[in-house]
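# Examination of the molecular architecture
Okay, here's what each chain looks like letter by letter:
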Amino acid sequence: MISTTLKRHYDPTFIISDEYKESLPDLQNGPASLIEGANVPIQQVGISDFKLPMKYPRPDGELITLETSVDGYVGLEAGKKGINMSRIIRRFYDFKDDIFHLNKLKDVLDLYIEELDVRSAYIRLSFNYPILQESLRSGLEGYQYYRVALEGTLTPNGKFRMFMHMDYEYSSACPCSYELAEHARESRGVAGIPHSQRSLATIKIELEEELFVEEVVEHCRTALMTETQVMVKREDEQAFAEMNAAYQKFVEDAARLLYEELNTDERIKDFVIRCVHEESLHSHDAVSRIYKGVPNGLR
């Protein structure tokens, strides 16, 4: 007979038997009669932001280990109470020593489908990716960090889709402000300083085949030309001022320049670009959003 008196005690010597494990309740995998609310499918169920160090390849063949935040989800069909959440982490840890790239995500998703008996799955790996940046004229070097996410989905019809997200910071000098400052100087001999601001391009691309982070960064640098700097001496600051004057841009220009550049890479199937100029003139931001326009594509 089981005692009805509860003990406030943790026993570190208690040994779990197979019989005891089998007796443990498992409400998540209970019958449909336990479902609360509408008995309908849930598109994503899982775990967000569990962290571990992971290895990624660089273009030169070297590896880099980065702290990575992982989101893993599966689709839950109607008639099922829930999923075993811990399997999202446990199954991902089967790959913890692997070298990760976009195609590797499919292996994880296939295992999720099998282990959790579902039809669709999603995973996202988020990290800050360092690339050594050389200053404009002084020869100094510093690490520029890029917020990056690799994303994979496996649809109910078995189609694998892979995406890369990246945030790219740049400077935007306003062409209108430049012309007005020049007008004041030429017409009245009055000094004026054109305004510029730190700006952010948030990019999501769907890929036909894999790309390195470095390649996407190079696309952004080629399109916009005015990436923010890490290590700066006086000669670099002067060079940056000259660069901003040479590559002035409205937020609309930035979006179209990125569109033009990304559209040249046949490995990129689709993309969405959102540019934000954090105005130094206004107390609000200027925003432009553009997508490639693929039928039934990203919006």
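Above: the structure in question.
Attention in this report is confined to the structure presented alongside it. Because the structure is predicted, anything quoted here is derived from the model rather than measured. (Residues numbered from 1 in each chain as written. Predicted model: local features only at pLDDT ≥ 70, side-chain atom pairs only at ≥ 80, totals over all residues. Heavy atoms only, no water.)

Right, let's get into the pattern of salt bridges. Tallied over the full model, the rule gives 19 salt bridges. Its salt-bridge partner being Asp49, residue Lys51 comes within 2.9 Å of it at the nearest N-O pair. Residues Glu206 and Arg161 are paired through a salt bridge, measuring 2.8 Å at the closest nitrogen-oxygen approach. In this pair, Glu206 sits in strand β6 (residues 196-207) while Arg161 sits in strand β5 (residues 160-173), placing the two residues 45 residues apart along the sequence. Residue classification places Glu206 among the buried residues on the basis of a relative accessible area of 4%. By relative accessible area, Arg161 is classed as partly exposed at 25%. (Salt bridge = Lys/Arg side-chain N within 4 Å of Asp/Glu carboxyl O. Helix = DSSP H or I, 4+ residues; strand = E, 2+ residues; numbered from the N terminus. Buried < 20%, exposed > 50% of the residue type's maximum accessible area, 1.4 Å probe, protein only.)

Let us look at the packing of helix α5 (residues 213-224) against helix α7 (residues 251-262). The geometry of α5 relative to α7 is characterised by a closest axis approach of 9 Å and an angle of 130 degrees between their N-to-C directions. Here α5 is positioned oblique relative to α7, judged by the angle of their axes. In this structure, the crossing between α5 and α7 has a hand that is right-handed. Contact residues: His219, Cys220, Thr222, Ala223 and Leu224 in α5; Ala254, Leu257, Leu258, Glu261 and Leu262 in α7. Within the contact of α5 with α7, the residues separate by chemical class into 7 nonpolar, 2 polar and 1 charged. (Axes fitted to C-alpha atoms, helices over the stretch in contact; angles between N-to-C directions. Parallel < 35°, antiparallel > 145°, perpendicular 65-115°, else oblique. Left-handed = near helix turned anticlockwise from the far one by under 90°. Contact = heavy atoms within 4.5 Å. Nonpolar A, V, L, I, M, F, W, Y, C, P; charged D, E, K, R; others polar.)

Two numbers describe how helix α2 (residues 86-93) lies on helix α3 (residues 104-116): the axes approach to 10 Å, and their chain directions differ by 135 degrees. One way to sum up the angle between α2 and α3 is to call them oblique. As α2 runs across α3, the sense of the crossing is right-handed. Contacts between α2 and α3 involve Arg87, Ile88, Arg91 and Phe92 on the former and, on the latter, Val108, Leu111, Tyr112, Glu115 and Leu116. Of the residues contributing to the contact of α2 with α3, the split by class is 6 nonpolar, no polar and 3 charged.

Right, let's get into a nonpolar patch on the surface. The grouping of Phe14, Ile16, Tyr20 and Leu24 at the surface amounts to a nonpolar patch, some 380 Å² of accessible area in total. Residue placement: Leu24 occurs in the loop between α1 (18-23) and β1 (42-57). The exposure class assigned to Leu24 is partly exposed, which follows from its relative accessible area of 46%. (Patch = residues over 30% accessible without salt bridge, like charges linked within 9 Å, V, L, I, M, F, W, Y side chains within 5 Å. Areas by Shrake-Rupley, 256 points an atom, 1.4 Å probe, with all protein chains shown as cover.)

Here we come to the sheet that holds strand β8 (residues 286-291). Note on sheets: strands pair through backbone hydrogen bonds, and any given pair is parallel or antiparallel. As summarised here, the arrangement of the 8 strands in space is β1-β2-β3-β4-β5-β6-β7-β8, forming an open sheet in which the pairing is antiparallel. Pairing within the sheet leaves two strands with one partner each, and these edge strands are β1 and β8. Strand-to-strand twist in this sheet, taken as the mean axis angle between neighbours without regard to direction, amounts to 20 degrees. Direction of pairing for strand β3 (residues 121-134) relative to strand β4 (residues 141-154): antiparallel, over a ladder of 14 bridges. Of the residues in β4, the one forming a bridge with Tyr122 is Thr153. Across the sheet, α3 touches β2 (63-76), β3, β4 and β5, and the angle it forms with β3 is around 160 degrees. (Pairing = 2+ DSSP bridges.)

The next subject is the packing of aromatic side chains. Throughout the structure, instances matching the rule amount to 9 aromatic pairs. With a centroid separation of 4.5 Å and an interplanar angle of 40 degrees, the aromatic rings of Tyr56 and Phe127 are classed as tilted. On the criterion of sequence distance, the pair formed by Tyr56 in strand β1 and Phe127 in strand β3 is long-range, its members being 71 residues apart. Phe127 matches Tyr56 in its accessibility class, with the two residues each being buried. Measuring from centroid to centroid gives 6.3 Å for Phe127 and Tyr129, while their planes differ by 55 degrees, and the two rings are tilted. Residue Phe127 is classed as buried on the basis of its relative accessible area, which comes to 6%. Assessed through its relative accessible area of 2%, Tyr129 is described here as buried. (Phe/Tyr/Trp six-rings, centres within 6.5 Å; stacked < 30°, edge-to-face > 60°.)

Nothing here speaks to function; it is geometry throughout.
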